[in-house]
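Below, each chain spelled out in residue letters.
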Amino acid sequence: MTLVDEARAIRERAYAPYSNFKVGAAIRAASGRVYLGVNVENVAYPEGTCAEAGAIAAMVAGGDTEIAEVAIIADAPVPLTPCGGCRQKLAEFAAADVPVTMATVGGEAEVMQVADLLPGAFGRAHMEA
Ligand code: THU
């Protein structure tokens, strides 16, 4: 199964009763293992979490901290791009050239690298004295 297909399959389990916008995310770690996530909404709206955040949490809990590849998918007219917060979360574990495939349920896909999704990212180098 491709990484997009993994994201497509897990998307069905998204919990999105408020937006009705289901998102699936799949991360392939450097180890080769695949971690999945979905958006999980909450009646207290700001408490909802994105699919990417779920996949990252699963990855860290699974013992991996290096992202090799990402796929996200939604039933959208154009490929879903990760929200700003998720771009920062992905950048924590992904090198600049890691590809992020953004797909639609309808079959469109676009690939961008992490550094292009978050130019000028705040990183560890900024904290070095
Ligand atoms: N959402 C994600 O899961 N990932 C994104 O990158 C963009 C937005 C979710 C959050 C919310 O549950 C729904 O999509 C609508 O914003």
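Going by the structure above, here's the rest.
Residues numbered from 1 in each chain as written. Predicted model: local features only at pLDDT ≥ 70, side-chain atom pairs only at ≥ 80, totals over all residues. Heavy atoms only, no water.

J.: For this particular structure, what's the right way to read the overall build of the protein chain?
T.: Scanning the protein chain for helices and strands turns up four helices and five strands. Along the chain direction, N to C, the helices and strands of the protein chain fall in the order α-β-β-α-β-α-β-β-α. The C-alpha atoms of the protein chain give 14 Å as radius of gyration, which agrees with the globular expectation for 129 residues (14 Å, within 12%). Along the three orthogonal principal directions, the C-alpha set of the protein chain runs to about 45 × 35 × 30 Å. Partitioning the contacts of the protein chain with sequence separation of at least 6, the portion at a separation of at least 24 is 57%. Just so you have it, the protein chain exposes about 7,100 Å², and 55% of that area is on carbon and sulfur atoms. (Helix = DSSP H or I, 4+ residues; strand = E, 2+ residues; numbered from the N terminus. Rg over C-alpha atoms; globule rule 2.2 N^0.38 Å. Contact = heavy atoms within 4.5 Å. Areas by Shrake-Rupley, 256 points an atom, 1.4 Å probe, with all protein chains shown as cover.)

J.: In this structure, what is going on with unusual backbone geometry? I would like to understand it.
T.: One can expect most non-glycine residues to show negative phi and most peptide bonds to be in trans. Unusually for a residue other than glycine, Asn20 sits at a positive phi of about 55°. Note on placement: Asn20 falls in the loop between helix 1 (3-11) and strand 1 (23-29).

J.: Help me understand the pattern of salt bridges in this model?
T.: Opposite charge on two side chains allows them to pair when their charged atoms are near. Counting across every chain of the model gives two salt bridges. Salt-bridge contacts for Asp5 lead to Arg8; the nearest nitrogen and oxygen are separated by 3.8 Å. Here Asp5 pairs with Arg8, and both are found in helix 1, just three residues apart, close to one helical turn. Its relative accessible area of 30% is what places Arg8 among the partly exposed residues. Between Arg28 and Glu69 there is a salt bridge, with the nearest N and O atoms lying 3.3 Å from each other. Remark: Glu69 occurs in strand 3 (residues 67-74) and Arg28 occurs in strand 1; sequence separation between them is 41 residues. Judged by its relative accessible area of 26%, Arg28 is partly exposed. (Salt bridge = Lys/Arg side-chain N within 4 Å of Asp/Glu carboxyl O. Buried < 20%, exposed > 50% of the residue type's maximum accessible area, 1.4 Å probe, protein only.)

J.: Looking at this structure, how should I read the environment of Gly106?
T.: The residue Gly106 is located in the loop between strand 4 (99-104) and strand 5 (109-113) in this model. For the pair Gly106 and Asp75, spaced 31 residues apart in sequence, the C-alpha separation works out to 7.1 Å.

J.: Before we go on, may I ask you to explain the state of the cysteines in this structure?
T.: In a disulfide, the sulfur atoms of two cysteines are covalently bonded to one another. Summed over the entire model, instances satisfying the criterion amount to zero disulfides. Looking at the unpaired Cys83, the closest cysteine sulfur is the one in Cys86, lying at 3.7 Å. (Disulfide = S-S within 2.5 Å.)

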